[in-house]
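Single-letter residue listing:
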Amino acid sequence: MFARGRRSLMATRRIPGIRTSSQRYVVAFLILLAALFQSSISPGFQVFGVIPDLVLVLLATWAAVARPNGLIFWGFGSGFLLDVLSGVPTGANMLALSLATFVASMGGAGLFRSNLVWALLASVLGTLVYYPTMMLMLAVQGYSVDWFKAIIATTPAAVLVNLMTCVLIYHPVTLLERLTRTRSRYTIS
Amino acid sequence: MRARASLYWLVLLSALSLGFSVLHNNGALSPVEDIILRASNPAQRMIGGVSSSLATTLEDLRRFSELRSDNERLNATVAELLAEIARLRVTARENVALREAAKYVRQNPQLALVSARVVGRDSSNLLDTILIDQGESSGIQDGMAAVWRGGLVGRVVETTSNTAKILPITSVSSVVNVSIQGADTDADGLATGRSHNHLVMGQILEDQNIEPGQLVVTSGLGGGFPKGILVGQVVNIRTTSTSVLKEADVRPFVDTNRLDTVQIIVAGEGG
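Residues numbered from 1 in each chain as written. Chains lettered and ligands numbered in written order. Predicted model: local features only at pLDDT ≥ 70, side-chain atom pairs only at ≥ 80, totals over all residues. Heavy atoms only, no water.

### Looking at the overall build of chain B
Move 1: A tally of helices and strands in chain B yields five helices and twelve strands.
Move 2: Scored against the burial criterion, the 271 residues of chain B give a buried share of 39%.
Move 3: In chain B, 57% of the contacts between residues at least 6 apart in sequence involve partners at least 24 apart.
Move 4: Carbon and sulfur atoms form 55% of the exposed surface of chain B, whose accessible area is close to 14,600 Å². (Helix = DSSP H or I, 4+ residues; strand = E, 2+ residues; numbered from the N terminus. Buried < 20%, exposed > 50% of the residue type's maximum accessible area, 1.4 Å probe, protein only. Contact = heavy atoms within 4.5 Å. Areas by Shrake-Rupley, 256 points an atom, 1.4 Å probe, with all protein chains shown as cover.)

### A word on the pattern of salt bridges
Residue and element names in this part refer to chain B.
Move 1: Using the criterion set out here, one finds five salt bridges over all chains in the structure.
Move 2: In this structure, Arg238 engages Glu247 in a salt bridge whose closest nitrogen and oxygen atoms are separated by 2.8 Å.
Move 3: Given the relative accessible area of 32%, Arg238 is considered partly exposed.
Move 4: Look at Glu247 and you get partly exposed, because its relative accessible area is 34%. (Salt bridge = Lys/Arg side-chain N within 4 Å of Asp/Glu carboxyl O.)

### Some points on the packing of aromatic side chains
Move 1: Per the counting criterion, the structure on display carries five aromatic pairs over all chains.
Move 2: Ring geometry for Phe80 of chain A versus Phe20 of chain B: centroids 5.6 Å apart, planes at 70°, classification edge-to-face. Note that Phe80 of chain A is positioned in helix 4 (residues 71-86) and Phe20 of chain B in helix 1 (residues 2-26), a pairing that runs across two chains.
Move 3: An angle of 65° between the planes, with centres 5.6 Å apart, marks the rings of Tyr8 of chain B and Trp9 of chain B as edge-to-face.
Move 4: Three or more aromatic residues joined by ring pairs make a cluster, and in this case those are Phe73 of chain A together with Tyr8 and Trp9 of chain B. (Phe/Tyr/Trp six-rings, centres within 6.5 Å; stacked < 30°, edge-to-face > 60°.)

### Structural notes on the packing of helix 4 of chain A against helix 5 (residues 92-104) of chain A
Residues and elements named next belong to chain A.
Move 1: Where helix 4 contacts helix 5, the axes come no closer than 7 Å and their chain directions differ by 150°. Taken together, helix 4 and helix 5 sit at an angle that is classed as roughly antiparallel. Helix-helix and strand crossings are classified by hand; for helix 4 and helix 5 the assignment is right-handed. Residues Leu71, Ile72, Gly75, Phe76, Ser78, Gly79, Phe80, Leu82, Asp83 and Ser86 of helix 4 touch helix 5, and the partners they reach there are Ala92, Asn93, Met94, Leu97, Ser98, Thr101 and Phe102.
Move 2: Classifying every residue of the contact of helix 4 with helix 5 by side-chain character gives nine nonpolar, seven polar and one charged. (Axes fitted to C-alpha atoms, helices over the stretch in contact; angles between N-to-C directions. Parallel < 35°, antiparallel > 145°, perpendicular 65-115°, else oblique. Left-handed = near helix turned anticlockwise from the far one by under 90°. Nonpolar A, V, L, I, M, F, W, Y, C, P; charged D, E, K, R; others polar.)

### Some details on the interface of chain B and chain A
Move 1: Listed as interface residues are 46 residues of chain B and, on the opposing side, 48 residues of chain A.
Move 2: Counting each side, the surface lost to burial between chain B and chain A is near 4,000 Å², with a carbon and sulfur contribution of 68%.
Move 3: Three residues stand out in chain B for area buried against chain A, namely Ser123, Asn125 and Leu126 of chain B, and they jointly supply 16% of the buried area on that side.
Move 4: On inspection of chain B and its partner chain A, the count reaches zero salt bridges.
Move 5: On inspection of chain B and its partner chain A, the count reaches ten residue pairs in polar contact (both at pLDDT 80 or more).
Move 6: Within the residue set of the side of chain B that touches chain A, elements represented by two or more residues are helix 1, helix 2 (30-65) and strand 1 (112-121) of chain B.
Move 7: Class assignment of the residues belonging to the side of chain B that touches chain A gives a composition of 21 nonpolar, 19 polar and six charged. (Buried area = accessible area lost by both parts, 1.4 Å probe. Polar contact = N/O pair within 3.5 Å; in protein donor to acceptor, adjacent residues only side chain to side chain.)

### Focus: the packing of helix 5 of chain A against helix 6 (residues 116-140) of chain A
Residues and elements named next belong to chain A.
Move 1: The geometry of helix 5 relative to helix 6 is characterised by a closest axis approach of 8 Å and an angle of 150° between their N-to-C directions. Taken together, the axes of helix 5 and helix 6 lie roughly antiparallel to each other. Considering how the two elements wind past one another, helix 5 and helix 6 form a crossing that is right-handed. Contacts between helix 5 and helix 6 involve Ala92, Asn93, Leu95, Ala96, Leu97, Leu99, Ala100, Val103 and Ala104 from the former and Trp118, Ala122, Leu125, Gly126, Val129, Tyr130, Thr133, Met134 and Met137 from the latter.
Move 2: Looking at the contact of helix 5 with helix 6 residue by residue, the classes come out as 15 nonpolar, three polar and no charged.

### A closer look at the environment of Val103 of chain A
Residue and element names in this part refer to chain A.
Move 1: By secondary structure assignment, the location of Val103 is in helix 5.
Move 2: Each C-alpha atom, one on Val103 and one on Ala60, is 9.0 Å from the other, the two residues being 43 residues apart in sequence.
Move 3: Not counting chain neighbours up to four residues away, the residues in contact with Val103 comprise Trp118, Leu125 and Val129.

### Some details on the side chain of Thr180 of chain A
Residue and element names in this part refer to chain A.
Move 1: With respect to the helices and strands, the residue Thr180 is situated in helix 7 (residues 147-180).
Move 2: A relative accessible area of 13% places Thr180 in the buried class.
Move 3: Polar contacts involving the side chain of Thr180 include one to the main-chain carbonyl oxygen of Glu177, which spans 3.4 Å.

### Some thoughts on the pairing of strand 1 of chain B
Walk down a regular strand and you will see the side chains alternate between the two sheet faces.
Residues and elements named next belong to chain B.
Move 1: Bridge count between strand 1 and strand 12 (residues 261-267): six bridges; the pairing is antiparallel. If you follow Val114 over to strand 12, its bridge partner there is Ile264.
Move 2: As paired elements, strand 1 and strand 2 (residues 130-132) share three bridges and run antiparallel to each other. Across the sheet, the residue bridging to Val118 is Ile132, located in strand 2. (Pairing = 2+ DSSP bridges.)

### Quick word on the confidence of the model for chain A
Residue and element names in this part refer to chain A.
Move 1: Across chain A, pLDDT averages 80, with 80% of residues at or above 70.
Move 2: Per-element confidence in chain A ranges from a low mean pLDDT of 42 for helix 1 (residues 2-9) to a high of 91 for helix 7.
Move 3: Ignoring residues within four places in sequence, the model shows residues 1-15, a span with pLDDT below 50, making 17 contacts including any to other chains. (pLDDT = per-residue confidence, 0-100.)

### Examining unusual backbone geometry
Move 1: Phi angles above zero are rare outside glycine, and Phe48 of chain A is one such case at about 55°.
Move 2: With respect to the element layout, Phe48 of chain A can be found in the loop between helix 2 (21-40) and helix 3 (54-66).

### Some details on the environment of Leu163 of chain A
All names here are of chain A.
Move 1: In this fold, Leu163 is placed in helix 7.
Move 2: Taking relative accessible area as the criterion, Leu163 reaches 24% and is therefore assigned partly exposed.
Move 3: Not counting residues up to four positions away in its chain, the partners in contact with Leu163 are Leu120 and Val124.

### Some words on the nonpolar core
Move 1: Core analysis: the biggest nonpolar cluster contains 47 residues, and Val55, Tyr130, Met134 and Leu138 of chain A together with Leu126 of chain B have the highest contact counts within it.
Move 2: The element best represented in this core is helix 3 of chain A, accounting for eleven residues.
Move 3: Excluding anything up to four places from it in sequence, Met134 of chain A contacts Val88, Ala92, Asn93 and Ala96 of chain A together with Ser124 and Leu126 of chain B.
Move 4: Formed by 22 residues, the second largest nonpolar core is a distinct cluster that contains Met201, Ile210, Val231 and Ile265 of chain B. (Core = buried A, V, L, I, M, F, W, Y, C linked by side-chain atoms within 4.5 Å.)

If you want it as structure tokens, here you go:
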């Protein structure tokens, strides 16, 4: 009786990374959709020569909006999905997105939590970590990487495009987070 | 405390990523990757098809707004075009050669081809690999040539039972043995990929007589590709004072960014 009562007084147990189970499914679906789009979208949609890193921006925005605890796991999982779907050597996106989400979720209790400024900053930081890591992983796997172009052109362009993407998805993601948020329930026995 | 735990997980997941990378290189992940790709193929095809159509429509709309200025510009260039009749004669001759190249497959019945649809592309903006929906079960193996309408697309670099990855000739990782078709003799060299759908042909001997407009085909050297597949057209030639070799800028025959389907040469000379 005591144990049951004590458990009921505690807040609903949180799933690492996502605050409620419904949010977990919603985020999983969004990541799947973003990975499919990112890997299949026509090069005709390139902006400044790059395709938006939808998965990265989605995770960075979610980091700012939902304040999750274990976003790095979602980065790791979505990296695997992206590797397989897009033909990039497996492991490259996994490491790059793990590191990027780690950096993106470092806002913690910082000044910019849960607002557009932090979402933008998280996207920029995530992109700046993601691309060098990808370049390094591809080079290690034996692929020739045009370092000069990647550093001078691709990465700055990706930062800009990802910023624009972040602005576009910030409000829909915020709305979705509010809709799927479940308040912690307390019962008195 | 929380930061330390996060750091711990980061190190662990990084190690796991590297482990996955090794497993991928050993082919141990192929069955899992194959299952995921099979499941995602329909969605990828649908998204690819829709986005491709949408991109084409948007491009058409954009061009429509430019029609007026184009018309004025075209009127102004009519006079110049008349002066270029002589050059058109040369172009007509090249056109015949291009048609011959397009009929390459029909004229080479010894080549067995497998058609495949492009279902995915590299998402990292760093590589240019293309994912197709045919693999080992269709006879596709590493190193085989991918073509489109007789023009070389690239080389198969990785396969699973139902998918394959193609490294396009325009990728910076790609090197292809090619030759420029001259009037008398062919000039051999190596075509390497550059960004923005561009090739550079190097290792051309200085005494070779080459000029812009000449066609570049696979030389068949090295056994990688069958001989005579159209690669592109010479647009510019560079000679340096310090080298006895020349370089040529080559415009690829195939725009790999706009491909929906490719054909893999699974059998035949060199294939």
